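Spelled out, the chains give:
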Amino acid sequence: MESFKGEKIKKETSTQKIYFYYDTENKIDQKSKIEYKKKDLIVHFPRGFEGGDKYKTIKQFSFVGFKGKLPVGIVKSVNYGYGFTKKLNRFAFYINDNFTFKEVIVEKQGKTELDTTNKILYLSEISLQKLHDSFDVIFKKNNAEISSVLDTVLFELFPAKIEKPKATYISNTIATSLSNWGHSIEEFSKSDKRAILDLFDKLSLTNDFLSVESLAKTKEIVDSKYIQGVLKKYRELMILVTDGDSLEKRWQEFLKTDSWIFSSIFAQPVILYKDEAYVGGKNIDNKNGKFNDFLIKNSLSDNVSFLEIKTHKTKLLENNAYRGEDVYSATKDLTGCIAQVLNQRDNFQKEFYQTKVKSKGGFETFNSKCVVLIGSIKDLNDNQKYSFELFRSNSRDVEIITFDELQTKIESLQTLMKK
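Just so we're clear, the structure is a prediction, and the values are computed from it rather than from any experiment.

Let's talk about the sheet that holds strand 5 (residues 60–64)
Logical step 1: Pairing is mixed in the open sheet, where eight strands are placed in the order 1-2-3-4-5-6-8-7. Two strands in the sheet have a free side with no partner beyond their single neighbour: strand 1 (5–12) and strand 7 (113–115). Across the sheet, the mean angle separating the axes of adjacent strands is 20 degrees when strand polarity is ignored.
Logical step 2: Where strand 7 and strand 8 (residues 120–124) come together, three bridges link them in antiparallel fashion.

Considering the packing of aromatic side chains
Logical step 1: Within the structure shown, the criterion is met by 13 aromatic pairs.
Logical step 2: Here Phe 84 and Phe 91 contribute two aromatic rings whose centre-to-centre distance is 5.4 Å and whose plane-to-plane angle is 80 degrees, an arrangement assigned as edge-to-face.
Logical step 3: Chaining the aromatic ring pairs together yields one cluster made of Tyr 55, Phe 61, Phe 63, Phe 84 and Phe 91.
Logical step 4: Between Lys 39 and the ring centre of Tyr 36, over which it is positioned, the NZ or CZ distance is 4.9 Å.

Description of helix 6 (residues 245–257)
Logical step 1: The end-to-end C-alpha distance of helix 6, which contains 13 residues, comes to 18 Å, matching closely the 18 Å that a straight helix rising 1.5 Å per residue would cover.
Logical step 2: Three or more residues of helix 6 are buried, namely Leu 247, Glu 248, Trp 251, Gln 252, Phe 254 and Leu 255. Down the axis of helix 6, the buried set is contained in an arc of 160 degrees. They therefore lie on one face. Every exposed residue of helix 6 that faces more than 90 degrees away from the buried side is listed here: Asp 245, Ser 246 and Thr 257.

As for the pattern of salt bridges
Logical step 1: The final tally for this structure, using the stated rule, is 17 salt bridges.
Logical step 2: Put simply, Lys 233 and Asp 258 hold a salt bridge, and the shortest N to O gap is 3.2 Å. Here the residue Lys 233 occupies a position in helix 5 (residues 212–238), and Asp 258 occupies one in the loop between helix 6 and helix 7 (261–266), the gap between them amounting to 25 residues.
Logical step 3: For Asp 258, a relative accessible area of 2% translates into the label buried.
Logical step 4: Among the ionic pairs, Arg 392 bridges to Glu 405, the shortest N-O distance being 2.8 Å. Of the two residues, Arg 392 sits in helix 10 (residues 382–393) while Glu 405 sits in helix 11 (residues 403–418), which places them 13 residues apart along the sequence.

What counts, and where the lines are drawn
- Residues numbered from 1 in each chain as written.
- Predicted model: local features only at pLDDT ≥ 70, side-chain atom pairs only at ≥ 80, totals over all residues.
- Heavy atoms only, no water.
- Pairing = 2+ DSSP bridges.
- Helix = DSSP H or I, 4+ residues; strand = E, 2+ residues; numbered from the N terminus.
- Axes fitted to C-alpha atoms, helices over the stretch in contact; angles between N-to-C directions.
- Phe/Tyr/Trp six-rings, centres within 6.5 Å; stacked < 30°, edge-to-face > 60°.
- Lys NZ or Arg CZ within 6 Å of the ring centre and 35° of its normal.
- Expected span 1.5 Å × (residues − 1).
- Buried < 20%, exposed > 50% of the residue type's maximum accessible area, 1.4 Å probe, protein only.
- Arc of directions from axis to C-beta.
- Salt bridge = Lys/Arg side-chain N within 4 Å of Asp/Glu carboxyl O.

Below, the structure written as structure tokens:
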């Protein structure tokens with residue numbers, strides 16, 4: 001008998017053609033396809049490499065509405081046994097291992113559904129295309145990576161004969177990787193973060209990739225996230241209850257790190273000029289030198305301002321009323337802080353020219369502003385708030401700001417940016 005490998009019509013009726021696959025060498029003789037004459041339907045019966053079933057439970061693929069032109073992701077040659085293409089093997093294995101479908105129905109404009117009751121997997125042309133495209137990107141990426149590794153290793157082994165490969169980006173690599181991102185920064189390694197920053201820096205220089213609008217939007221998002229992080233740290237400090245030098249030091253470190261907050265305090269374009277700055281006052285014994293918590297400079301006029309801070313737990317007013325029920329006196333901490341910052345300004349102005357020469361210029365003092373950051377208004381009762389506002393509004397040379405007020409300013413800035 002002459003050897004044969006292929007498909008032949010075994011039976012034909014008025015409504016269908018039934019095909020069988022024959023391989024005389026491997027003794028395969030099994031039904032492979034049915035073509036319907038009076039409706040747009042083709043049925044494939046997937047075949048294993050050596051005959052028999054290709055899948056554990058799936059017996060047939062039905063194609064509806066394709067007019068003989070089958071969709072992507074489907075093996076169209078009988079010699080390869082029909083079924084899903086090699087690129088969709090992982091999908092096929094998953095279906096094989098997790099379900100007991102007996103039939104796959106692919107309808108051009110149909111539904112996409114896992115019908116476990118009737119043991120049918122429904123796919124549309126669009127869903128099959130999506131599956132194919134997703135795996136196609138991975139296949140191309142893997143092949144490109146293999147070729148790249150091969151070229152690199154060959155060059156390292158035979159540099160005299162093999163040209164150094166040119167560094168090329170594998171298309172869709174970023175898109176594929178980010179499709180699996182769980183939207184947590186913790187998932188990125190340090191190398192990932194450096195690569196993203198480097199990429200953004202390079203792309204921001206090109207006019208054809210990032211528009212002014214997209215850059216502005218990106219900056220808004222980054223700024224909002226940054227302020228969100230600063231507020232988180234701020235709130236963590238605000239819930240601390242133990243007052244003292246260590247807490248004051250933590251606030252100083254926080255403000256030094258996030259010095260942009262000074263612009264919210266002074267309501268003008270300022271920069272942190274110096275923390276713990278020497279502002280004069282030494283006597284003949286080189287003692288009693290005065291140091292200011294933060295020396296702030298207007299970035300346009302160079303005029304300096306003085307900021308003295310305590311903590312959010314520092315008391316603003318005495319606990320007991322001084323007169324009646326609504327007259328409270330300021331605490332020693334508050335009045336002492338005010339006197340301290342005024343003394344610093346006075347010493348600075350007296351020794352201004354000498355200090356400026358020694359510091360090689362860079363600053364001026366024009367009736368420099370003094371600010372005290374201290375306490376929390378929320379710790380006051382209504383009568384105390386009345387006394388505090390009277391005291392504060394009459395403090396002409398020193399502005400008093402509380403820590404909870406500063407927090408509200410930063411929160412308002414975040415709200416404004418979100419809008």
